[in-house]
Amino acid sequence: MNAPLSPAQTSSIERAARQAQVVAALQRVLPAHALLWHSEDTTPYECDGLTAYRERPLVVALPETQEQVQAVLKACHALAVPVVARGAGTGLSGGAMPNRLGVTLSLAKFNQILNIDPLARTATVQCGVRNLAISEAAAPYGLYYAPDPSSQIACTIGGNVAENSGGVHCLKYGLTVHNVLQVKGYTIEGEPIELGSTALDAPGYDLLSVVIGSEGMLAITTEVTVKLVPKPQLARCIMASFDDLRKAGEAVAAVIAAGIIPAGLEMMDGPMTVAVEDFVHAGYDLSAAAILLCESDGTPEEVEEEIGRMSAVLTAAGATAITVSRDEAQRLKFWSGRKNAFPASGRISPDYMCMDSTIPRKRLADILQAISEMEVKYGLKCLNVFHAGDGNLHPLILFDANDADQLRRCELFGADILETSVAMGGTVTGEHGVGIEKVNSMCVQFSADENEQMFALKRAFDPQGLLNPGKVIPTLNRCAEYGKMLVRAGQIKHPDLPRF
């Protein structure tokens, strides 16, 4: 008599049967080279920029036309197969991590710039066009696309729409949601949708703002029309040094309180500055406890006046040294250091987890102090870099993913940062999205009723819950289990926050 199959064996057999069914359906709508299902072919898709968590997709589809996207979605909908959209895979919250029994829909081949309209100051592009490529195409017209995430050399506009990405210049020019006019794509049923308008307004509900930042849970984006803005005549950047983190944090609030909106206002603590300088040689002050990068752009007259005002505010706030970029090369060098903060951290640690909470600007010094105490509590180092002007934190927790205990402590460290941020009046995410990384922390941000309202919105677009399931919005059971886990870990710091 044969021994009964183990749960793992049963699961493997069921997965293989499901895979065969899905492959057969998609082979009817895609060419052979646009369909991957063997393990050696699908392994590169098992994670995005959040490498601590991995899952191999059932199938990877790489459509090349709108009709193929539509056909794939119709086939998956008919089979009730989950679909996870993927762009360049540079996301940092696990938003593109595959579903074990689902299809990863790679849109990398949708990489054409369809139209640049210099008179209307717009660009219409396919979802797989790189962020930086839009500005490069618009440059001959003296225009560029303002949102500039640090991964802009690789990240795609479709991913930017999914995550509502920002960048170092989002303080003055806004996030993706402020710079996108129209999105076209498909529902899970394969129905074409068009949200927003190239006109001043669009009729009906503002569903464009709903889809931007929805992390692939509501619809599949295939085409985007963005705003372009004139390239400033001049830009200069101040590097201000501080011997105390609290002074640097208070200086940020002082700049905004003075009525100045810099083109960029970024902060790095001492350990991050050292890591970056060793990597990029940007000319940073290694004796400082923290540095601020404050940029002004516009006409030469506007820049000269604003640089003077900012320098005065920073000096009054306790800056120990101020260096103003002498030319464009030095300005770009300053920003090169900031934009290479993540790879610089990767050089000194096997792994890192980048958090992405937001707090009121006036609490910058408080959160830095709290993070410093958490380093001792969890026995892990943390390098800090912020979009300081809008209170968007990017603490990078250093750990070794090969050590299960370090990963556990890193997860608790990250959850502690997010919970503390919420308690200080902030949010669990600013621009990287929730994905799987912060889905548990959504339990401390929103009540069960609020989470249900978000599920209701998802059901309006995706009744069966097939688009990127298990991400962003926590279930009631998940929140209950998370609360119990925090109790076991002795980490209920703010019992007044929602958890159940």
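Residues numbered from 1 in each chain as written. Predicted model: local features only at pLDDT ≥ 70, side-chain atom pairs only at ≥ 80, totals over all residues. Heavy atoms only, no water.

A.B. asks: Even after reading the chapter, I still don't get the overall build of the chain, so can you show me in this structure?
C.D. replies: Check the secondary structure of the chain and you find 17 helices and 18 strands. In terms of overall size, the chain behaves like a compact globule, its C-alpha atoms giving a radius of gyration of 23 Å where 500 residues would be expected to give roughly 23 Å. If one aligns the C-alpha atoms of the chain with their principal axes, the spans along those axes are about 80 × 60 × 40 Å. Counting every position in the chain, which comprises 500 residues, the buried fraction comes to 53%. Taking the contacts inside the chain whose residues are at least 6 apart along the sequence as the reference set, 72% of them involve residues at least 24 apart. Of the roughly 20700 Å² of accessible surface on the chain, a fraction of 54% belongs to carbon and sulfur atoms. (Helix = DSSP H or I, 4+ residues; strand = E, 2+ residues; numbered from the N terminus. Rg over C-alpha atoms; globule rule 2.2 N^0.38 Å. Buried < 20%, exposed > 50% of the residue type's maximum accessible area, 1.4 Å probe, protein only. Contact = heavy atoms within 4.5 Å. Areas by Shrake-Rupley, 256 points an atom, 1.4 Å probe, with all protein chains shown as cover.)

A.B. asks: Even after reading the chapter, I still don't get the state of the cysteines, so can you show me in this structure?
C.D. replies: A covalent bond between the sulfur atoms of two cysteines is what we call a disulfide. Applying the stated criterion to the full structure yields one disulfide. The disulfide bridge from Cys 443 ends at Cys 479, spanning 2.2 Å between sulfur atoms. In this structure the cystine formed by Cys 443 and Cys 479 twists about its S-S bond by roughly -90°; its chirality is therefore left-handed. Of this pair, Cys 443 sits in helix H15 (residues 442–445) while Cys 479 sits in helix H17 (residues 476–488), and the two are 36 residues apart along the sequence. On the basis of relative accessible area, Cys 443 is assigned to the buried category, the value being 0%. Left without a disulfide partner, Cys 47 is nearest to the cysteine sulfur of Cys 410, which lies 15 Å away. Here Cys 410 is not disulfide-linked; the sulfur of Cys 382 is the nearest cysteine sulfur, at 9.0 Å. (Disulfide = S-S within 2.5 Å.)

A.B. asks: Which parts of the structure should I look at to understand the sheet that holds strand E5 (residues 113–117)?
C.D. replies: The sheet built from five strands is open, its strands ordered E5-E6-E10-E8-E9 with antiparallel pairing. Looking along the sheet, the strands with just one partner apiece sit at the ends: E5 and strand E9 (192–196). Pairwise comparison of adjacent strand axes, ignoring direction, gives a mean angle of 10° for this sheet. As defined by bridge partners, E5 adjoins strand E6 (residues 122–126) across four bridges and the pair is classed as antiparallel. (Pairing = 2+ DSSP bridges. Axes fitted to C-alpha atoms, helices over the stretch in contact; angles between N-to-C directions.)

A.B. asks: I'm lost on helix H16 (residues 448–461) in this one. Help?
C.D. replies: Along an α-helix, residues three or four positions apart point the same way, because every turn accommodates 3.6 residues. Between its first and last C-alpha atoms H16 spans 20 Å; for 14 residues at 1.5 Å apiece the expected length is 20 Å, and the two agree. Those residues of H16 that fall on the buried side of the exposure criterion are Asn 451, Lys 458 and Phe 461. Seen from one end, H16 has its buried residues packed into an arc of 65°, which puts them on one side. Facing away from the buried side of H16 by over 90 degrees, the exposed positions are Asp 449, Gln 453 and Ala 460. (Expected span 1.5 Å × (residues − 1). Arc of directions from axis to C-beta.)

A.B. asks: Just to check I follow, could you spell out the sheet that holds strand E13 (residues 264–269) for this structure?
C.D. replies: Reading across from one edge, E15-E12-E14-E13-E17-E18-E16 is the order of the seven strands in this open sheet, with antiparallel pairing throughout. Every other strand in the sheet has two partners, leaving strand E15 (321–324) and strand E16 (351–354) as the edge strands with one partner each. The sheet shows a mean angle of 15° between the axes of neighbouring strands, taken without regard to direction. Of the strands in this sheet, E13, strand E14 (290–298), strand E17 (382–387) and strand E18 (392–399) are in contact with helix H9 (residues 270–280), which crosses E13 at around 95°. Of the strands in this sheet, E13, E17 and E18 are in contact with helix H13 (residues 364–378), which crosses E17 at around 160°.

A.B. asks: What am I meant to see in the side chain of Glu 223 here?
C.D. replies: In this fold, Glu 223 is placed in strand E10 (residues 220–227). For Glu 223, a relative accessible area of 15% puts it in the buried group. Once residues within four sequence positions are removed from consideration, Glu 223 is found in contact with Gln 66, Leu 114, Thr 124, Val 125, Gln 126, Cys 127, Gln 182, Val 183 and Lys 184.

A.B. asks: Is there a simple way to explain the pairing of E13 in this structure?
C.D. replies: Within a regular strand, the side chains alternate between the two sheet faces. By the criterion of burial, E13 is predominantly enclosed, with six of the six residues buried. Sheet topology note: the E13/E14 ladder contains six bridges and is antiparallel. Its bridge partner being in E14, Met 267 is matched across the sheet by Leu 292. Here E13 pairs with E17 via two bridges, running antiparallel. By the bridge assignment, Met 268 is partnered in E17 with Val 385.

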